[in-house]
Amino acid sequence: MPLPRFQFGDYIRTAAEITPELPCFIFEDGRERSFKEANTRVNLLATGLLRKGIIKGDRVAILSIDHANYIETMFACTKIGAIFVPLNNRLQLPELIAQLTVAEPTALLYSERYEDLAGKLLQAISSIKFSIAFDQSKKNVQYNDFLLSGEDHEPEIDIFNEDIMALAFTSGTTGVSKGVLQPYGMLKIQCSHGMTNYEIDWEGRRYSGSPMFHIGGYGLILTNIISRSASLILPQFNATEALRCIDELKITDCLFVPTMISSLLDHPNCGNTSFSSLKTIMYGGAPMSPALLKRAIETFGCNFVQLFGGTETGTQSTLTSKDHWRAHAGEHNLLTSVGRPGIGVVAQIVDSEGKEVPRGTIGDIVTLSDQRMAGYLGMPDATAQAFRGGWYWGGDMGYMDEDGYIFLAGRSKDMIIRGGENVYPVEIETVLTKFPGVTHAAVIGEPDDHWGEVVIACISVSSEFAGIPDLMAHCSQNLASYKRPIRIEILDFFPLNSSGKIFKPRLRELNEDARREEFSPSLSSASAIVD
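For the structure given in this document, a descriptive report is provided here. (Residues numbered from 1 in each chain as written. Predicted model: local features only at pLDDT ≥ 70, side-chain atom pairs only at ≥ 80, totals over all residues. Heavy atoms only, no water.)

1. Some words on the overall build of the chain
Heads up, the rule is: Strands here mean DSSP runs of E at least two residues long; helices mean DSSP runs of H or I at least four residues long; both are numbered from the N terminus. Our radius of gyration is a C-alpha quantity, and the globule rule it is checked against amounts to 2.2 Å times the number of residues to the power 0.38. Here's how the labels work: a residue is buried when its accessible area is under 20% of the maximum for its type, exposed when over 50%, partly exposed in between, all with a 1.4 Å probe on protein chains only. Two residues form a contact once any of their heavy atoms are found within 4.5 Å.
For the chain, the count of helices and strands is 17 helices and 26 strands. Compactness check: the chain gives a C-alpha radius of gyration of 23 Å against a globular reference of 24 Å for 531 residues, within 12% of the reference. The buried share among the 531 residues of the chain stands at 58%. The contacts of the chain with a sequence gap of at least 6 include a subset with a gap of at least 24, amounting to 67%.

2. What about the environment of T383?
Rules: Whenever two N or O atoms come within 3.5 Å, that pair is a polar contact, provided that in protein one can donate a hydrogen and the other can accept it, and provided that, for residues adjacent in sequence, both atoms are side-chain atoms.
Structurally, the position occupied by T383 is in helix α13 (residues 380-386). Residues T383 and W393 lie ten residues apart in sequence; the distance between their C-alpha atoms is 9.9 Å. Aside from chain neighbours lying at most four places away, what touches T383 is G375 and Y376. Engagement of the side chain of T383 in a polar contact is seen with the backbone nitrogen of Y376, the distance being 2.9 Å.

3. Describing the sheet that holds strand β25 (residues 452-461)
Threshold: Two strands form a pair only when DSSP identifies at least two bridges running between them. Axes, fitted as lines to C-alpha atoms, cover a helix only where it is in contact. Angles between the N-to-C directions of the axes lie from 0 to 180 degrees.
Taken in spatial order, the three strands make up an open sheet running β24-β25-β26, and their pairing is mixed. Only two strands of the sheet have a single partner each, and these edge strands are β24 (438-448) and β26 (487-490). Within this sheet the neighbouring strands show an average axis-to-axis angle of 25°, counted without direction. Here β24 runs beside β25; their pairing, made up of ten bridges, is antiparallel.

4. Focus on the pairing of strand β17 (residues 363-368)
Within β17, five of the six residues are buried, leaving the element largely enclosed by the surrounding structure. Relative to β17, strand β16 (residues 346-350) runs antiparallel, the two sharing five bridges. Directly across from V346, in β17, lies its bridge partner L368. In this sheet, strand β20 (residues 391-400) lies alongside β17 in antiparallel orientation, the contact comprising four bridges.

5. Comments concerning the pattern of salt bridges
Note the cut-off: One speaks of a salt bridge when a side-chain nitrogen belonging to Lys or Arg is within 4 Å of a carboxyl oxygen belonging to Asp or Glu.
On inspection of all chains with the given rule, the structure shows 22 salt bridges. Between D29 and R31 there is a salt bridge, and its shortest N-O distance comes to 2.8 Å. By relative accessible area, D29 is classed as exposed at 53%. Judged by relative accessible area, which is 47%, R31 ranks as partly exposed. Residue K79 is joined to E154 by a salt bridge in which the shortest nitrogen-to-oxygen separation is 2.7 Å. Within this pair, whereas K79 is found in helix α3 (residues 68-80), its partner E154 is found in the loop between α6 (143-147) and β7 (164-169), the two being separated by 75 residues in sequence. With a relative accessible area of 4%, K79 lands in the buried category. Each of the salt bridges in this network shares a partner with another, and the network as a whole consists of D10, R13 and E17.

6. Some thoughts on empty space enclosed by the protein
Going by this rule: Using a grid of 1 Å spacing that covers the protein atoms alone, one calls a set of points a cavity when a 1.4 Å probe fits there but cannot get out, and a pocket when the set is open and has protein on both sides within 12 Å along at least five of seven lines; lining residues are those with an atom within 4 Å of a point. Grid points are joined across faces, edges and corners, and a volume is the space filled by probe spheres set on the points. Three residue categories are used. Nonpolar comprises Ala, Val, Leu, Ile, Met, Phe, Trp, Tyr, Cys and Pro, charged comprises Asp, Glu, Lys and Arg, and polar comprises the others, including Gly.
Evaluated as defined, the whole model comprises two cavities of 30 Å³ or more. In this structure, the largest cavity encloses a volume near 80 Å³. Every residue lining the largest cavity is counted, 13 residues in all, and those nearest its centre are Y207, S208, M212, I221 and L232. When residues of the lining of the largest cavity are traced back to their parent elements, those giving at least two are β9 (205-208), α8 (215-226) and β10 (230-233). In the lining of the largest cavity, the residues fall into seven nonpolar, four polar and two charged. Volume-wise, the second largest cavity comes out at about 30 Å³. T313, Q316, T367, L368, S369, R372, F387, G390, W391 and Y392 are the residues that line the second largest cavity. Mapped onto the lining of the second largest cavity, the elements with two or more residues apiece are β17 and β20. For the lining of the second largest cavity, the class distribution of residues is four nonpolar, five polar and one charged.

7. Details of the side chain of R41
Locating R41 in the fold gives a position in helix α2 (residues 35-51). A relative accessible area of 16% places R41 in the buried class. Among the polar contacts made by the side chain of R41, one reaches the side chain of N69 at a distance of 3.2 Å. Not counting residues up to four positions away in its chain, the partners in contact with R41 are R33, N69, E72, Y143, N144 and L147.

8. Considerations on helix α11 (residues 290-300)
Threshold: Arc definition: it is the arc formed by the directions from the helix axis to the C-beta atoms.
Those residues of α11 not exposed but buried are P290, L292, L293, A296, I297 and F300. Seen from one end, α11 has its buried residues packed into an arc of 155°, which puts them on one side. At its buried positions, α11 is contacted by α10 (258-266), β12 (280-283), β13 (303-310), α12 (321-328) and α14 (425-433). Downstream of α11 by one or two residues, G301 has phi in the positive range, about 65°.

Below is the structure:
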């Protein structure tokens with residue numbers, strides 16, 4: 001008789017057995033749902049899905065704002081071996097059809113906001129056999145009613161570490177979205193190591209501003225279940241509600257992107273909010289400028305941890321709270337780093353042939369770990385390109401200093417070649433954000449008949465900003481001539497992707513449109529489109 005295995009679905013089961021009354025979910029109105037209640041609902045959904053014919057390996061797509069039922073659906077899938085497919089709710093119908101044509105889900109669960117869109121997807125995707133509405137619906141069975149078809153017992157289905165747990169589509173920072181096959185082994189390691197990498201404790205009360213369809217969102221929530229911690233459920237990031245909930249509901253840890261942190265600090269209610277319960281703010285997607293960190297530490301008074309990774313690999317490196325306090329004390333250069341490799345991760349900087357380069361030399365960042373995807377769905381060539389010699393090549397370039405800190409130079413596809421010289425955007429962005437009053441910066445290349453490409457900088461600024469001439473002088477003092485921007489645009493808004501990262505393909509499009517219309521430094525009026 002084979003020995004029983006601890007499976008991913010057992011995390012919520014054991015939490016329900018050991019700490020049944022602890023909250024699994026906290027709602028914005030102060031209501032709570034315990035681990036015992038949540039596990040019962042997960043079992044009802046899991047057995048209900050089995051009765052509808054969902055079997056191990058079937059795919060269950062989710063199109064929703066952040067929702068407690070979203071999390072229960074993910075865990076129900078882990079108990080029956082179904083693969084959950086989190087969909088970016090900001091995508092348009094053609095984009096969703098393209099992804100679901102590849103994913104071939106058997107079921108679709110959705111929130112009320114997307115009922116019309118879900119109806120169109122049901123018509124377009126023949127693999128979908130049935131759908132469930134999370135909340136109110138005039139056309140479909142509702143989630144709570146569907147639970148009545150299930151039973152509160154643990155499904156007995158063998159699930160192995162190499163089985164696929166999630167099919168998550170990349171955010172498409174480079175313009176191409178790929179279906180990432182995430183096995184159970186990958187996410188078990190990511191979440192169990194995550195507590196140390198994120199510097200968080202057991203039985204916390206946490207909020208993720210990263211949406212649940214993103215690895216940052218569901219990754220932290222899965223970690224919360226493992227650590228028997230409560231997840232605050234807000235439909236979408238909203239600075240007003242986030243500040244109120246941190247104060248009133250005594251949230252201990254948050255995950256944001258720097259733009260969210262900036263929004264909280266700029267909010268008129270920030271000065272009246274108590275952050276006494278807050279222990280750690282995790283952030284990712286972009287570095288934090290020294291000016292923003294100074295404001296954040298003085299306001300929130302908590303630890304900060306930067307996470308760097310992706311859908312294919314989870315967290316690969318961390319800039320620890322100690323690093324942030326050192327930066328606050330004057331070692332500002334640390335903020336331009338994404339930290340040192342996380343637990344169970346080996347990182348190297350290599351040349352195009354995979355040979356490790358000396359410390360301080362820019363090359364491709366490659367990593368080796370067990371928390372890695374199984375591959376890209378239906379894309380064997382892209383999978384082979386990503387994994388070479390066992391190492392993962394994510395397309396990021398950078399260098400490693402003598403202390404093992406990794407510094408990004410940008411995406412390999414973002415590199416600008418000016419007159420035969422390689423220009424790395426992150427280096428210029430770092431110089432720009434060190435200038436007082438520059439809150440965010442993004443550097444792109446613009447075609448040029450003489451140089452091939454020239455450097456264009458886009459920035460957002462605060463009231464401290466002295467002006468573009470002074471910023472140009474700052475660049476002249478800190479950058480070689482070929483790296484200096486020939487033009488600096490002040491933007492009211494940056495185009496962002498679903499992860500909250502600056503979406504450079506769209507930024508390039510806006511710049512091309514402006515040049516086509518002979519409309520020079522005025523991207524600010526064209527940049528109010530946020531993905």
